[in-house]
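Letter by letter, the chains look like this.
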Amino acid sequence: MTRKISFINYKGGVGKTSLIVNTAAALAKLGQRVLLFDLDTQSNASIWLLRLERWNKINSTGEGAILSIFDPGQKHIRELIIKDVVEDKNGEKVLPGLDLVPTTFNLVDLEAEFEGDPKRPPYYIFQQQLDEIEDDYDFILFDCPPNILKAAQCGVFSSHEIYLPVNPDALSLIGFTLLVEKLHKFHAISASFRSSGMGTPAQVEGLIFNSIKANVDIEVPKMRMQLRLNQFRTAKRIAPNAKIFNAQIRDATVVRRAVTLGLPVILVGQETEEIDTVANDYRKLAAEIIEQGQSL
C-alpha cells in the first residue's frame with residue numbers, strides 16, 4: 001500500500017523543506033517510487049528541485065502548479081506531475097524515481113480568494129484526484145505549511161501518517177502541542193467527507209530532530225519532547241506507536257550548497273561517498289521510515 005505522509009509543524013523555521021526534500025531523495029535512492037507535493041506557498045521545495053529557470057516558467061503563468069486543480073479547476077494532479085524532477089546543469093535526469101507536483105506563490109489564493117463549493121472543499125477534491133495516481137508510488141510526501149489551512153488540509157486529509165520536524169528548543173515543543181490540537185479539530189470538521197476506504201484520520205506517528213547544530217546537547221530537549229509525546233499517547237491524541245526517530249539530522253553547510261545547486265544533498269560532491277556526513281543522516285532516516293512502515 002502506498003504510504004502517504006505529511007511533514008508539518010506549527011512552528012516554522014524547523015528545516016521542514018530541507019528534511020522532506022532530502023528524505024524523498026534518499027527514499028528514491030533506495031529504489032522507492034516517490035511523489036513529493038509542495039503545498040507550501042513559499043515554494044521552497046519547488047524552487048530547489050526545479051531551479052529558478054524551470055520554476056519561473058511555471059510561476060509566470062501558473063500552468064502546471066497545484067493551484068490549477070482548484071482555480072480554474074481544469075487540471076488534474078496526473079497532468080501536473082514532473083517525472084524524475086532532479087536534473088543536472090545539462091538537463092540530464094540524475095535521480096530516477098523522485099517526482100514532483102510543484103507550487104508557486106499564487107497558492108496563497110487558495111487561502112485568500114478561492115470560494116468553491118462547500119460540498120466539495122479543496123481537501124476533498126484533492127483526495128479524489130490523488131486516488132487516480134497513488135498506486136503508481138510507494139511513498140507520497142506532502143510538504144505542508146506551518147498551519148492547518150486549506151493547502152495543508154489537502155495533505156493532512158489524504159495522509160496515513162504525520163511526521164513532525166523539530167529542533168531542540170522550546171518553540172518546537174509548543175508547535176507540537178498546537179499541531180495536535182488543530183489536527184483533532186480538523187479531523188472533526190472533515191469526518192463527513194471521509195470514505196470508508198480511506199481508513200482512520202492521520203495521526204502523529206513520529207518526531208524527527210532536524211538541523212542540529214554542532215556541540216549542541218539535545219538530551220534535555222529530547223527528554224521534554226518524549227514526555228509530551230508520552231502524555232499525548234496516554235490520552236490517545238497521537239498514534240499508539242508514535243516515537244522520536246533514532247535518526248537525527250545535523251545542520252551542515254552542504255545543505256545550503258545543495259539548494260543553490262538544485263540538487264539533494266546525496267548528489268552533492270563528496271557527500272555521495274563519505275560515511276559520516278549529513279547525507280548519511282538522511283539515508284538512515286529513510287531506512288528507518290521504511291522500517292516504521294512494517295509495524296503499521
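Residues numbered from 1 in each chain as written. Predicted model: local features only at pLDDT ≥ 70, side-chain atom pairs only at ≥ 80, totals over all residues. Heavy atoms only, no water.

**Concerning the pattern of salt bridges**
The final tally for this structure, using the stated rule, is 14 salt bridges. Among the salt bridges present, the one from Lys16 reaches Asp143, with a minimum N-O distance of 2.4 Å. With Lys16 in helix α1 (residues 16-29) and Asp143 in strand β4 (residues 139-143), this residue pair connects regions lying 127 residues apart in the sequence. Taken individually, Lys16 and Asp143 each receive the classification buried, so the pair is uniform in this respect. Two residues, Glu79 and Lys75, come together in a salt bridge whose shortest N-O distance is 4.0 Å. A relative accessible area of 49% places Glu79 in the partly exposed class. Under the relative-accessibility criterion, Lys75 is labelled partly exposed at 28%. Here the salt bridges do not stand alone but share partners, grouping Lys16, Asp40 and Asp143 into one network. (Salt bridge = Lys/Arg side-chain N within 4 Å of Asp/Glu carboxyl O. Helix = DSSP H or I, 4+ residues; strand = E, 2+ residues; numbered from the N terminus. Buried < 20%, exposed > 50% of the residue type's maximum accessible area, 1.4 Å probe, protein only.)

**Quick notes on the nonpolar core**
Counting residues in hydrophobic clusters, the biggest one holds 53 residues, and the most contacted among them are Phe37, Ile66, Phe126, Ile162, Phe176, Val204 and Leu207. Counting residues in each nonpolar core, the second largest holds 46 residues, with Val21, Ala26, Ile58 and Val255 among its members. (Core = buried A, V, L, I, M, F, W, Y, C linked by side-chain atoms within 4.5 Å.)

**Structural notes on the packing of helix α5 (residues 122-131) against helix α6 (residues 150-158)**
It is at 8 Å that the axes of α5 and α6 come closest, and there the two elements cross at 45°. Our classification of the angle between α5 and α6 gives oblique. Judged by the sense of rotation from one axis to the other, the crossing of α5 with α6 is right-handed. Touching Pro122, Tyr123, Tyr124, Phe126, Gln127 and Leu130 of α5 are Lys150, Gln153, Cys154, Phe157 and Ser158, all from α6. Considered class by class, the residues forming the contact of α5 with α6 number seven nonpolar, three polar and one charged. (Axes fitted to C-alpha atoms, helices over the stretch in contact; angles between N-to-C directions. Parallel < 35°, antiparallel > 145°, perpendicular 65-115°, else oblique. Left-handed = near helix turned anticlockwise from the far one by under 90°. Contact = heavy atoms within 4.5 Å. Nonpolar A, V, L, I, M, F, W, Y, C, P; charged D, E, K, R; others polar.)

**Observations concerning the pairing of strand β1 (residues 3-7)**
Of all five residues making up β1, five are buried, and the element is well covered by its neighbours. Every second residue of β1 is oriented toward a common face, with Arg3, Ile5 and Phe7 on one face and Lys4 and Ser6 on the other, all of them buried. Two strands pair when backbone bridges link them, and β1 and β4 are joined in this way by five bridges, in the parallel orientation. Counted as the bridge partner of Lys4 is Ile140 from β4. As defined by bridge partners, β1 adjoins strand β5 (residues 161-166) across three bridges and the pair is classed as parallel. Directly across from Ser6, in β5, lies its bridge partner Ile162. (Pairing = 2+ DSSP bridges.)

**Observations regarding the sheet that holds β4**
Spatially, β3-β2-β4-β1-β5-β6-β7 is the arrangement adopted by the seven strands of the open sheet, whose pairing is parallel. In this open sheet, the two edge strands, each paired with only one partner strand, are β3 (98-101) and β7 (243-244). Sheet contacts for helix α2 (residues 44-61): β2 (34-38), β3 and β4; angle to β2, the most-contacted strand, approximately 125°.

**Describing unusual backbone geometry**
The omega angle of the peptide bond from Asp71 to Pro72 is 15°, so this bond is cis rather than trans. By the secondary structure assignment, Pro72 is in the loop between α2 and α3 (77-80). One non-glycine residue, Ser43, adopts positive backbone phi at about 65°. Secondary-structure assignment places Ser43 in the loop between β2 and α2. On the accessibility criterion, Ser43 (0% relative accessible area) is buried. A positive phi angle is found at Ser211, which is not glycine, with a value near 55°.

**Describing the side chain of Glu288**
Relative to the helices and strands, Glu288 resides in helix α10 (residues 278-293). Those residues within four positions of Glu288 in sequence are excluded, and the remaining contacts are Lys243, Phe245, Asn246 and Ala247.

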